[in-house]
Amino acid sequence: MFKTYIRLLKVVLLGCCLVPVTNAVCTLVDIIASGAEWSLPVTAGKIAAVTVLFVLPAAVFWRLLRGFEPALEANAREQASFLEGIPDRYLDLAIFGSAALGLFLELVIIRWQSTVFQVFAFYKNFSLLACFAGLGIGYALSRRKHIPLIFTVPMLFVHIVLLTVMRYGLGWRMESVKATPIVEQLNMGLKNAATLPDFVALYLFLGTTFAFTALAFVPVGQVCGRLMERRAKLRAYGWNLLGSVFGVALVMALSFLWLPPVVWFGVAFAAILVFQAFRRRALLFGAAVSIAALTALAWPVAFPSHRIYSPYQLIERSAGENGLMEIRAAGLYHQRVFDLAADNSNRRTNPHTKRVADYYEFPYRLQPNLERVAVVGSGTGNDVAAALRMGAAYVDAIEIDPAILALGKRFHPEKPYADPRTHSVINDARTFLRTTPERYDMIVYGLLDSHTLLSHASSVRLDSFVYTVEAFREARARLADGGMMSLSFCVLSPELGRKIYLMMEDAFGGRAPVCVRADYDSSVIFLQQRGGDVVVPKALLASAGFTDVTTKYADRSIETVVSTDDWPFFYMPRRVYPVSYIGMAVLVVLLSVGLTRLFVSHRFEMGHSAFFFLGAGFMLIETKAITEMGLTFGNTWHVIGIVIVGILVMAFLANCFVRWRKIENPTVPYLLLFASLTAGLWVARHGGFSSTAAGRIATVLVLVCPMFFSGIVFSTLLSKAENISGVMAVNLIGSMLGGILEYNSMYFGFQFLYLLGLALYGMALVSSLKRAPVVAPAPA
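In short, a report on the structure. (Residues numbered from 1 in each chain as written. Predicted model: local features only at pLDDT ≥ 70, side-chain atom pairs only at ≥ 80, totals over all residues. Heavy atoms only, no water.)

**What to know about the overall build of the protein**
Next, step 1: Scanning the protein from N- to C-terminus turns up 27 helices and twelve strands.
Next, step 2: Here the protein has a C-alpha radius of gyration of 27 Å; the compact-globule value for 780 residues is 28 Å, and the two agree.
Next, step 3: Dimensions of the protein along its principal axes, counting C-alpha atoms only, are 85 × 70 × 50 Å.
Next, step 4: When each of the 780 residues of the protein is scored for burial, the buried share is 61%.
Next, step 5: A fraction of 79% describes how many contacts in the protein between residues 6 or more apart in sequence connect residues 24 or more apart.
Next, step 6: Averaged over its 68 positive side-chain charges, the protein has a centre that lies 9 Å from the centre of its 52 negative ones. (Helix = DSSP H or I, 4+ residues; strand = E, 2+ residues; numbered from the N terminus. Rg over C-alpha atoms; globule rule 2.2 N^0.38 Å. Buried < 20%, exposed > 50% of the residue type's maximum accessible area, 1.4 Å probe, protein only. Contact = heavy atoms within 4.5 Å. Lys, Arg positive; Asp, Glu negative; His and termini not counted. Charge placed at Lys NZ, Arg CZ, Asp CG, Glu CD.)

**Structural notes on the packing of aromatic side chains**
Next, step 1: Counted under the stated rule, the structure contains 41 aromatic pairs.
Next, step 2: Relative to tyrosine 743, the ring of tyrosine 581 lies with its centre 4.3 Å away and its plane at 40 degrees, an arrangement referred to as tilted. In this pair, tyrosine 581 sits in helix 20 (residues 579–599) while tyrosine 743 sits in the loop between helix 25 (724–741) and helix 26 (745–748), placing the two residues 162 residues apart along the sequence.
Next, step 3: Residue classification places tyrosine 581 among the buried positions, given a relative accessible area of 4%.
Next, step 4: Considering the side-chain rings of phenylalanine 657 and tryptophan 660, the 5.9 Å spacing of their centres and the 70 degrees angle between planes classify their relative orientation as edge-to-face. Residue phenylalanine 657 and its partner tryptophan 660 are located together in helix 22 (residues 637–661), separated by three residues, close to a single helical turn.
Next, step 5: Here arginine 167 stacks its cationic end above the ring of tyrosine 168, 4.9 Å away from the centre of that ring.
Next, step 6: The ring of tyrosine 394 has arginine 372 lying over it, and the distance from NZ or CZ to the ring centre is 4.3 Å. (Phe/Tyr/Trp six-rings, centres within 6.5 Å; stacked < 30°, edge-to-face > 60°. Lys NZ or Arg CZ within 6 Å of the ring centre and 35° of its normal.)

**Considering the nonpolar core**
Next, step 1: In this structure, Phe117, Phe151, Phe205, Leu227, Phe599 and Leu614 are the most contacted members of the largest nonpolar core, which totals 174 residues.
Next, step 2: Among all residues touching phenylalanine 151, those that are not within four sequence positions of it are Phe2, Tyr5, Ile6, Leu9, Leu65 and Leu72.
Next, step 3: Core analysis: the second largest hydrophobic core is formed by 36 residues, Ala357, Ala387, Met484 and Leu527 among them. (Core = buried A, V, L, I, M, F, W, Y, C linked by side-chain atoms within 4.5 Å.)

**A short note on the pattern of salt bridges**
Next, step 1: Using the criterion set out here, one finds 24 salt bridges in the structure.
Next, step 2: For aspartate 88, the salt bridge is made with arginine 230, and the minimal N-O distance between the two is 3.1 Å. Here arginine 230 lies in the loop between helix 7 (196–228) and helix 8 (233–256) and aspartate 88 lies in helix 3 (residues 88–116), a separation of 142 residues in the sequence.
Next, step 3: Between arginine 574 and glutamate 495 there is a salt bridge whose closest N-O contact spans 3.2 Å. Of the two residues, arginine 574 sits in the loop between helix 19 (550–553) and helix 20 while glutamate 495 sits in helix 17 (residues 494–507), which places them 79 residues apart along the sequence.
Next, step 4: Shared partners join several salt bridges into a network, and the residues in it are Arg347, Glu361, Arg365, Arg389 and Glu414. (Salt bridge = Lys/Arg side-chain N within 4 Å of Asp/Glu carboxyl O.)

**Brief notes about the packing of helix 21 (residues 609–633) against helix 27 (residues 751–769)**
Next, step 1: Two elements in contact, helix 21 and helix 27, have axes separated by 8 Å at closest approach and are oriented at 160 degrees. Taken together, the axes of helix 21 and helix 27 lie roughly antiparallel to each other. Note that helix 21 runs across helix 27; the crossing there is left-handed. Note on element contacts: helix 27 touches helix 21 through Gln751, Leu753, Tyr754, Leu756, Gly757, Leu760, Tyr761, Met763, Ala764, Ser767 and Ser768, opposite Ser609, Ala610, Phe613, Leu614, Ala616, Gly617, Phe618, Leu620, Ile621, Thr623, Lys624 and Glu628.
Next, step 2: Of the residues in the contact of helix 21 with helix 27, the class split is 14 nonpolar, seven polar and two charged. (Axes fitted to C-alpha atoms, helices over the stretch in contact; angles between N-to-C directions. Parallel < 35°, antiparallel > 145°, perpendicular 65-115°, else oblique. Left-handed = near helix turned anticlockwise from the far one by under 90°. Nonpolar A, V, L, I, M, F, W, Y, C, P; charged D, E, K, R; others polar.)

**Considering the sheet that holds strand 8 (residues 440–445)**
Next, step 1: Taken together, eight strands build an open sheet; the order of strands is 7-6-5-8-9-11-10-12 and the sheet is mixed. In this open sheet, the two edge strands, each paired with only one partner strand, are strand 7 (422–426) and strand 12 (547–548).
Next, step 2: Where strand 6 (residues 395–399) and strand 7 come together, five bridges link them in parallel fashion. Each residue of the ladder has a partner; that of glutamate 399, found in strand 7, is isoleucine 426.
Next, step 3: The strands touched by helix 12 (residues 351–365) within the sheet are strand 5 (373–376), strand 8, strand 9 (479–490), strand 10 (514–517) and strand 11 (523–529), with strand 11 carrying the most contacts at an inclination of about 10 degrees.
Next, step 4: The strands that helix 14 (residues 402–411) touches are strand 6 and strand 7; relative to strand 7, the one it contacts most, it runs at about 155 degrees. (Pairing = 2+ DSSP bridges.)

**A closer look at unusual backbone geometry**
Next, step 1: One non-glycine residue, tryptophan 258, lies in the positive phi region at around 60 degrees.
Next, step 2: Relative to the helices and strands, tryptophan 258 resides in the loop between helix 8 and helix 9 (261–274).
Next, step 3: We note that lysine 415 has phi near 50 degrees; this positive angle belongs to a residue other than glycine.

**Observations regarding the side chain of serine 486**
Next, step 1: Here serine 486 lies in strand 9.
Next, step 2: Each residue touching serine 486, except ones within four places of it in the same chain, is listed here: Pro363, Met442, Ile443, Val444, Tyr445, Ile525, Phe526 and Leu527.

**Some thoughts on the packing of helix 9 against helix 10 (residues 280–298)**
Next, step 1: At their nearest, the axes of helix 9 and helix 10 sit 10 Å apart, and the two run at 170 degrees to each other. As judged from the angle between their axes, helix 9 and helix 10 are roughly antiparallel. In this structure, helix 9 contributes Pro261, Val262, Phe265, Gly266, Phe269 and Leu273 to the contact, and helix 10 contributes Leu283, Gly286, Ala287, Ser290, Ala293, Leu294, Leu297 and Ala298.
Next, step 2: Of the residues that constitute the contact of helix 9 with helix 10, the class distribution is eleven nonpolar, three polar and no charged.

**A word on the pairing of strand 6**
Next, step 1: Counted residue by residue, strand 6 has five buried out of five residues, so it is predominantly covered.
Next, step 2: Burial along strand 6 is two-sided: the residues Val395, Ala397 and Glu399 and Asp396 and Ile398 are all buried.
Next, step 3: Where strand 5 and strand 6 come together, four bridges link them in parallel fashion. By the bridge assignment for strand 6, valine 375 is matched with alanine 397.
Next, step 4: Crossover strand 5 to strand 6 through helix 13 (residues 382–389) is right-handed. (Right-handed = clockwise from strand over helix to strand, strands pointing away.)

Given below as structure tokens:
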């Protein structure tokens, strides 16, 4: 096993170093194909420089590995002996700590990768599956005599340096690996891969990142599996779940404090070093590499910017062209601040400033009564300042990201959040509008555009549930008689504009909205009014330089599909099957199968297939629970975190219940599982429960019951298994299948996940009935 690990490490490291070289070559091919001017000596020099910069260190690293391989192999054997020698009185704590380390490091990697390259911010599932692959293989190898935990910190250090240098350290453009291979969804600021060279460079980048991440997690899975083998299965699994709960809670605590990656990885490295405390040299080596990795993380890669790690994303504050604040989110332009106060002479002398002021103030000029205003997605405060300038008596400013709101409070020149008429709310806009008792004369949707996902397990973006037909109906219900709704959006395609048009038309009882193209950020303003038609004076349009484009988006020949709570994929103009995701899915499957076959010999039976299908089904139902709980209680970071903790707690309680009642037959729990899933599907298809306290409690019960009964089934089968590490390996690999199948919701909707879950749990039941003993792996 150890020699296989070393060989794979060398190959993957070489692949990672070839990524920028491949990108340089692909960029050259694109330039030649486009007919643009290029210089052969300059381009060849850049390619040669990049080759030396990345491949030479890889060659040195190879040489070092070769020279120290005997010592590293001895350390890996000692690591296994150390875990076997942990006294029984500390064993439960060790299982708890190793499980906490595994889940904490998994969430840290997912979040960090998404802050460096935007493609991971939109597709966190990819990073999650890489972690699952490594942990699953690690559990499968937990009985081997080598546990190379000493490699985990150095591999993470190399990974950090490589991605950071590729993202920030190269003077030439890395456009191919900054693109996305997914073409069914629209993206703001992130280009789609369009040419064969783009796809080659991008898939090499994704493939090597997946393999490198998986290899770093293999020893972590081995540690946890080795410790769990020394305890009774249900007891070990219970401590594993408690450790996982602690890992999630720790990530939530660090997110709450807005702490940077140097702290995240510092905690993870410290935990890894605890398990390497059996030899002084290993401990010193791990500490030295940890310090080097933390130094790389702390390096000021974006010197002009102030980097803030909010609970949702990386926020970069810098000075814009006018000297005022500009914000980037996940590496992409997000917002900029303007001083549009009436006493600012630039409003009269600067044409651009006048256009911006006209844009922000336009909706309010159509509504004479501004007693109460709600600004959805208030951000740094431009829309709030406009409402106050136009005479609003009271403004509810709703912003989901506390870091962006804090920046607006401190740096907006008009200080709109300090005005006594403003009431700032840190919450999900959808939840606020659903639960507030207030009625508004104006509801203004700012230029919301999410650069991150709702959670690591879902393909839904953070703002997706704000832009659905049901959400617009709830907003309409919050309007006073004659109240107006104004929604601004950067319309990326005619289909997206038509989509917003149809959703607003549906929400307002068939009355078509008025659509106005503004001369700012390519935005279109969609206007609706409760109890009447919006009338936009031509003189107002002419003075602002805006254009009425209602006819354009009323065109029935433009094909699009509206977003709903069941299919909330706002950035997909059409409901088409995400074929381009198949490429990523194939990449994940091939790499996972390849790594597993290289590590796990034919003598190893990875456990009963029931655990595989239970893992896949649980992953799907977990995703469904996260989206529905977020829809019910708010898609805020702490709600999602609490839901994940709650899911793990339900699995723990199910495990305790099996131990207490000594359940041996899973038939009844299976039947209850199927009944609860069927009930959840029925409730979802009939619109769900109301937003009252009783309705929320009912929603929680419907969503957690499948988790509880699934946990009972799993623990019941686990109690009869021969080795817990093989079971955990199969279950994690099954979870990968569930993560891949989750993408089917992009075509069929989230209710379809219930049907997939029922099918997977049905296959688990059939497998349970035909269950064979688990064969333990032969020692390497």
